[in-house]
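# Results of the structural survey
Here are the chains, one letter per residue:
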Amino acid sequence: DLASLGYKEPVLISGTDGVGTKLMVAKLANKHDTIGIDCVAMCVNDIAAQGAEPLFFLDYIACGKNDPALLEQVVAGVADGCVQAGSALVGGETAEMPGMYPEGEYDLAGFAVGVVEKDQIIDGRTIQPGDTILGLASSGPHSNGFSLIRKVVEVAGADWNMPFDGATLADRAMEPTRIYVKQVLEVMKSVKIKGMAHITGGLVENVPRVLPEGVQAVIDGKSWTRPAIFDWLQEKGNIDSHEMHRVFNNGIGLVVIVSAEDAEKARAAFEAQGEKV
């Protein structure tokens, strides 16, 4: 009942997504407890980027054979993601499809619905030259670029379990996608956010989607420090910089655009929420 939430002109915002071939790395690393967080994040961050509060989430798991212990790990991650997003987990579907999926294989997708006050929808239409772009740090590759990541690991002859950046390569690749929902909703209370882009691929593809016609983004690539995994991928895969910024987030998980006069206030507000800006 949206009336119980106090909205005057509620608009529903929905999003659906999966986690792509990151699932293959989860299987290689035998680590399935955070992949559900990724699934929730991919949906609720898209909703939050439009200024909406996620209301509820549903998951869909398709598998060759029901493995209760494995699916329990996956769903625990989904529940954890929903807690981080302040979203209710209201249901889901597990489809056992032998012949479609080999035993031990599964796919995961999700669907989320959120709500925003009509006059608070964030769609980028007021963005103009001179505005400031803030980047919120990612935890790593999040849920994108894993086909290329697997290829680089293969070409480099690397071991997923090799020590890397204080953990293992698999650990750093599998870092769960950060969920920015609560931070964004809190900052919206004190700062006018003009536009946001959830960086699900690279900056060069995601940021322009939120910009009005005739406006371009100018980003200084030296203004933040990339997580070590991106440097390793670029070196071992001999990947040029444009391709890196097309495929990977390179350390920026969410882009927030505000007016220049609000930039420092927005930075401070996000940092107060624990964000690296």
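Residues numbered from 1 in each chain as written. Predicted model: local features only at pLDDT ≥ 70, side-chain atom pairs only at ≥ 80, totals over all residues. Heavy atoms only, no water.

### Things to note about the overall build of the protein
Per the secondary structure count, the protein includes 10 helices and nine strands. Relative to its length of 277 residues, the protein is compact, with a C-alpha radius of gyration of 19 Å against a globular reference of 19 Å. For the protein, the spread of C-alpha atoms along the principal axes amounts to about 55 × 50 × 30 Å. Within the protein, the proportion of its 277 residues that are buried is 47%. Considering only contacts in the protein between residues 6 or more positions apart, those separated by 24 or more positions represent 85%. Split by element, the accessible area of the protein, about 13200 Å² in all, is 50% carbon and sulfur. If the 23 positive side-chain charges of the protein are averaged to one point and the 38 negative ones to another, these points end up 4 Å apart. (Helix = DSSP H or I, 4+ residues; strand = E, 2+ residues; numbered from the N terminus. Rg over C-alpha atoms; globule rule 2.2 N^0.38 Å. Buried < 20%, exposed > 50% of the residue type's maximum accessible area, 1.4 Å probe, protein only. Contact = heavy atoms within 4.5 Å. Areas by Shrake-Rupley, 256 points an atom, 1.4 Å probe, with all protein chains shown as cover. Lys, Arg positive; Asp, Glu negative; His and termini not counted. Charge placed at Lys NZ, Arg CZ, Asp CG, Glu CD.)

### Comments concerning the environment of E72
Inspection of the secondary structure puts E72 in helix α3 (residues 68–85). Judged by relative accessible area, which is 58%, E72 ranks as exposed. Taking the C-alpha atoms as reference points, E72 and D33, separated by 39 residues in sequence, lie 8.4 Å from one another.

### Some words on the pairing of strand β3 (residues 88–96)
In terms of strand pairing, strand β2 (residues 53–63) meets β3 through eight bridges, oriented parallel. Each bridged residue has a counterpart across the sheet, and for D59 the counterpart in β3 is G92. (Pairing = 2+ DSSP bridges.)

### So, the sheet that holds strand β9 (residues 252–258)
Taken in spatial order, the three strands line up as β5-β9-β8 in an open sheet, and their pairing is antiparallel. In this open sheet, the two strands that pair with only one neighbour each are β5 (132–137) and β8 (195–198). On average, each strand axis in the sheet is inclined to that of its neighbour by 20°, with strand direction left out of account. Of the pairings in the sheet, the one linking β8 to β9 comprises four bridges and is antiparallel in character. For M196, the partnering residue across the bridge sits in β9 and is V256. (Axes fitted to C-alpha atoms, helices over the stretch in contact; angles between N-to-C directions.)

### Digging into the nonpolar core
Buried together is how nonpolar side chains tend to be arranged in soluble globular proteins. I35, F57, Y106, W160, I179, L233 and F248 are the most contacted members of the largest nonpolar core, which totals 48 residues. When residues in this core are grouped by element, the largest group, nine residues, is from helix α2 (residues 35–48). Once you skip the residues sitting within four places of it in the chain, F248 turns out to touch N144, G145, L148, I149, G201, G202, L203, F230, L233 and I239. Counting 18 residues, the second largest nonpolar core, distinct from the first, contains Y180, V187, A269 and F270. (Core = buried A, V, L, I, M, F, W, Y, C linked by side-chain atoms within 4.5 Å.)

### Some remarks on the pattern of salt bridges
Within this structure, the stated rule accounts for 14 salt bridges. For the salt bridge of K194 with D131, the shortest nitrogen-to-oxygen distance reads 3.1 Å. Of this pair, K194 sits in the loop between α6 (181–187) and β8 while D131 sits in the loop between β4 (106–117) and β5, placing them 63 residues apart in sequence. You'll find K194 and D131 in the same group, each marked buried. (Salt bridge = Lys/Arg side-chain N within 4 Å of Asp/Glu carboxyl O.)

### With respect to the layout of surface pockets
Of the volumes computed, that of the largest pocket is approximately 600 Å³. Forming the boundary of the largest pocket are 31 residues, of which I133, L134, G135, I219 and S223 lie nearest the centre. For the lining of the largest pocket, the secondary structure elements donating two or more residues are β5 and β9. A per-element tally of the lining of the largest pocket places β5 first, with six residues. Classifying every residue of the lining of the largest pocket gives 18 nonpolar, nine polar and four charged. Around the second largest pocket sit 21 residues that line it, and G51, Q120, I121, I122 and M188 are the ones nearest its centre. When residues in the lining of the second largest pocket are grouped by element, the largest group, three residues, is from β4. (1 Å grid on protein atoms, 1.4 Å probe; cavity = no way out; pocket = protein on both sides within 12 Å on 5 of 7 lines; lining within 4 Å. Points joined across faces, edges and corners; volume = space filled by probe spheres on them. Nonpolar A, V, L, I, M, F, W, Y, C, P; charged D, E, K, R; others polar.)

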